[in-house]
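Read off the chains here:
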Amino acid sequence: MKNSGSTPVMKQFWEAKKAHPDSIMLFRMGDFYETFDKDAKLASEILGIALTKRANGAAATVPLAGFPYHALDQHLHKLLKAGHRVAICEQVEDPKLAKGIVKREVLEVLSPGTAISDRYLEQNENNYLCAVVMNNNECGIAVLDHSTGEFLTCSRHQSELLSLIKQFNVSEVIIPESQEKDLQSVLQKESIFTTQIPDWCQTYDVAHEALTSFFNVSTLKGFGIEDNQLSVISAGCALYYVNQNYKGKIQHITSISLLCKEGFMGLDAFTIRNLELFQSLSNQGIHGTLVGTIDKTVTASGSRLLKNWLRQPLTDPERINKRLDRIAEIISNNQILDDVKAQLKMMGDMERILARIASGKASPRDIVNLGLSLEKIPIVINMIPRKNKSLTQLLKRCLETDDIASEILNTIKMDPPILTNKGGYINSGISNELDELRRLSEDASQWMANMQIEEQKNTGITNLKVGYNRVFGYYLEVTKTHLAKVPDHYIRKQTLTNSERYFTEELKKYEEKIISAEEKISNLEIKILDSLQGSIISFAESIQNNAKIMARLDVAVALGCLAISNDHHRPIIDSSNILKINKGRHPV
């Protein structure tokens, strides 16, 4: 690591880079994220930003490229889409309180398989990473969508690995470092983003302890994976990876399931491709595909669920008929169909909002959207008549989330700002201290007007003005024709072409009071928001459960709409091997 002759800040950068050599390091410096050396050259090329060098000093020879901190989201997804891992090194102490250089730490590492940004993710598609552990001809395979919390694991023959990776459209594969070559031979030169993790992760005891500790259970029997060693080990590797990347902010991962073969039709990657289920062979888009024809869902989670059902078609007649029962009940009542569809359309992507909350990436608008979505669940439940037994049975599985929905909507303003740095998103009446500080801040205009009248009277300068701007703060402005009347206690602050600006000790004290109030408002609102997000995370399992049920309902409504518009008829499904179609036609 070439850090000889570095400044203290650059030494700090090189230390962080040494811990994350395979990542592009975004290094926070004041209001900018900077990249250095080879990272700067890559960032400049990918982001189209200027590549420069420092004007002087010990770091003058190091290439540099940066962008404002508020543009992080807009640039981050480009680096990820270009196939790079990104480490974000933040200032972790207040620069005003720092002794020497500001302390910095890498707070998260993002990769194609762990990203949660809306700019990077396709709204209607899952973003799976896959952890693989090999043992002779067998392998453990864990599939995790960090953006929704969905977590599956299984063991398969190595010959099935590539097909499963393609089936789930995996964006990143995690592998113990000693097995990298074995993985590449299985992948058959397929271009898939891979990441190596330490070999010690691939032991059953380590993985079992990690999983039971994380899910706060004594055994994994409840998840159906206790005795499946390779499944447990691969799941432990996946959990280790996202936990390392997000520094423990993964509380939205609330469960894990066994990826079963029984009861599902096995579709390999070749079959999925040739049947054009998700992608057209002619134009590589969804036009002319099965999913492009039948996906009439109105929620992102519903669309993702439908695609997962197509990847893993059921073979169990009982389960198939349960799905068909729900569709039949929707078709039998057009009013239910329209009303439920209208409510679903207004729901946000609860699973992904929850992931952003857990990761500390949610905006106040995200949180309000979650509250409004949860508020609609009881409305949807009450729309379904009791005679619709299949739909009623589905909705009975909804868990209580009314309390957290109310807490969200009582706490956050209905149309809050996207950013939290200036406050203004917490409702009045939540904190007496916050309300008092806001009154002080809001009274500034009236205080300035009063001071202006008083100073005009005291000085005899009728056109004296009291003003404020972000650069110079509060000031008294006097035109040059009245300079002779300026009192001795006025202190010059700025000279303009036709006027002079001054301040007084009284004005300075008031300015400090206002600035202090604004800082306290911002800090207090963040504290209230953090507390609210903690409450939301305590309801994570219930929120995810309800989001999944709304997704199932959305799919039933969508397929009901499709059946009505295309005159589709319900098939008779039983366990026989007979396929009989009268006057049928291909759905596409």
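Residues numbered from 1 in each chain as written. Predicted model: local features only at pLDDT ≥ 70, side-chain atom pairs only at ≥ 80, totals over all residues. Heavy atoms only, no water.

Asks: It is not clear to me how the overall build of the protein should be interpreted in this structure. Could you clarify?
Replies: Counting secondary structure elements, the protein contains 20 helices and 16 strands. Seen through its principal axes, the protein has C-alpha atoms that stretch 105 × 65 × 50 Å. Taken over 588 residues, the protein has a buried fraction of 49%. Long-range pairs, those at least 24 residues apart, make up 63% of the contacts in the protein with a sequence separation of at least 6. On the protein, roughly 29900 Å² of surface is accessible, and the fraction owed to carbon and sulfur atoms is 49%. Treating the 69 positive side-chain charges of the protein as one cloud and the 71 negative ones as another, the clouds have centres 4 Å apart. (Helix = DSSP H or I, 4+ residues; strand = E, 2+ residues; numbered from the N terminus. Buried < 20%, exposed > 50% of the residue type's maximum accessible area, 1.4 Å probe, protein only. Contact = heavy atoms within 4.5 Å. Areas by Shrake-Rupley, 256 points an atom, 1.4 Å probe, with all protein chains shown as cover. Lys, Arg positive; Asp, Glu negative; His and termini not counted. Charge placed at Lys NZ, Arg CZ, Asp CG, Glu CD.)

Asks: What should I look at first to understand the pairing of strand β4 (residues 63–68) in this one?
Replies: Sheet topology note: the strand β2 (residues 32–36)/β4 ladder contains five bridges and is antiparallel. Considered in β4, the bridge of F32 is made with P68. Two strands pair when backbone bridges link them, and strand β3 (residues 52–53) and β4 are joined in this way by two bridges, in the antiparallel orientation. When the bridges of β4 are listed, K53 appears paired with P63. (Pairing = 2+ DSSP bridges.)

Asks: How should the packing of aromatic side chains be read in this particular structure?
Replies: One pair of aromatic rings is described through two measures. These are the centre distance and the angle between the planes. This model, assessed by the stated rule, comprises 13 aromatic pairs. With a centroid separation of 3.7 Å and 0° between ring planes, the pair formed by W447 and Y510 is classed as stacked. Residue W447 is found in helix α18 (residues 444–459), and its partner Y510 is found in helix α19 (residues 505–538); the two are separated by 63 residues along the sequence. Overall, Y510 belongs to the buried group, its relative accessible area being 8%. Between Y474 and Y510 the ring centres are 6.1 Å apart and the planes differ by 80°, which places this aromatic pair in the edge-to-face class. Taken together, the residues Y474 in strand β14 (residues 473–479) and Y510 in helix α19 connect sequence positions 36 residues apart. (Phe/Tyr/Trp six-rings, centres within 6.5 Å; stacked < 30°, edge-to-face > 60°.)

Asks: Would you mind showing me how to read the nonpolar core here?
Replies: Nonpolar side chains in soluble globular proteins generally cluster together in the buried interior. Core analysis: the biggest nonpolar cluster contains 53 residues, and M350, I367, L370, I536, M550 and L553 have the highest contact counts within it. With residues up to four places along the chain from it excluded, the contact list for L370 reads M350, I353, I357, I408, I536 and I543. Judged by nonpolar contacts, the second largest core, of 50 residues, contains L72, A115, Y204 and A235. (Core = buried A, V, L, I, M, F, W, Y, C linked by side-chain atoms within 4.5 Å.)

Asks: What exactly am I supposed to notice about helix α10 (residues 300–311) here?
Replies: Side chains three or four residues apart in an α-helix point the same way, a direct result of the helix having 3.6 residues per turn. In this model α10 runs 17 Å from its N-terminal to its C-terminal C-alpha over twelve residues, within 8% of the 16 Å that 1.5 Å per residue would give. Burial of α10 is extensive: twelve of the twelve residues sit out of reach of the surface. Turning to α10, the residues buried within the fold contact β9 (150–157), α4 (161–167), α9 (290–294), α11 (317–331), α13 (350–358) and α20 (540–566). (Expected span 1.5 Å × (residues − 1).)

Asks: Help me understand the sheet that holds strand β15 (residues 491–495), please; the structure alone is not making it clear to me.
Replies: Backbone-to-backbone hydrogen bonds join strands into a sheet, with any given pair of strands oriented parallel or antiparallel. Here four strands make up an open sheet; going across it, the order is β13-β14-β16-β15 and the pairing antiparallel. What marks the edges here is a single partner per strand, and that holds for β13 (465–469) and β15. Ignoring which end each strand starts from, the neighbouring axes of this sheet average 40° apart. Summarising the sheet, β15 and strand β16 (residues 499–503) pair through four bridges and their orientation is antiparallel. Bridging across to β16, R492 finds its partner in Y502. Contacts from α18 reach β13 and β14 within the one sheet, and its direction differs from that of β13 by about 145°. (Axes fitted to C-alpha atoms, helices over the stretch in contact; angles between N-to-C directions.)

Asks: When you look at the sheet that holds strand β8 (residues 138–145) in this model, what are you seeing that I'm missing?
Replies: Pairing in this open sheet of six strands is mixed, and the strands run β11-β10-β7-β8-β9-β12 from one edge to the other. Of all strands in the sheet, those bounded by a partner on one side alone are β11 (194–197) and β12 (257–258). By the bridge criterion, three bridges tie strand β7 (residues 129–135) to strand β10 (residues 172–176) in an arrangement that is parallel. Across the sheet, residue C130 finds its bridge partner in β10, namely V173.

Asks: Got a minute to help me understand unusual backbone geometry in this structure?
Replies: Trans is the common state for peptide bonds, and a negative phi is the common state for residues other than glycine. The backbone of N169 shows a phi angle near 50°, a positive value even though the residue is not glycine. Among the structural elements, N169 can be located in the loop between α4 and β10. Overall, the relative accessible area of 53% leaves N169 in the exposed class. Look at Q188: it is not a glycine, yet its phi comes out positive at around 55°. For Q188, a relative accessible area of 57% corresponds to the exposed category.

Asks: Is there a simple way to explain the pattern of salt bridges in this structure?
Replies: Per the stated rule, a full pass over the model turns up 20 salt bridges. Between K307 and D295 there is a salt bridge, with its nearest N and O atoms 3.5 Å apart. Residue K307 is located in helix α10, and its partner D295 is located in the loop between α9 and α10; the two are separated by twelve residues in the primary sequence. You can call K307 buried: its relative accessible area is 7%. We note a salt bridge from E525 to R438, for which the minimum N-O separation is 2.8 Å. Of this pair, E525 sits in helix α19 while R438 is found in helix α17 (residues 432–442), placing the two residues 87 residues apart along the sequence. Classification of E525 by relative accessible area gives buried; the value is 0%. What makes R438 buried here is its relative accessible area of 10%. Three or more residues are tied together by salt bridges with common partners; here these are R304, D349, E351 and K548. (Salt bridge = Lys/Arg side-chain N within 4 Å of Asp/Glu carboxyl O.)

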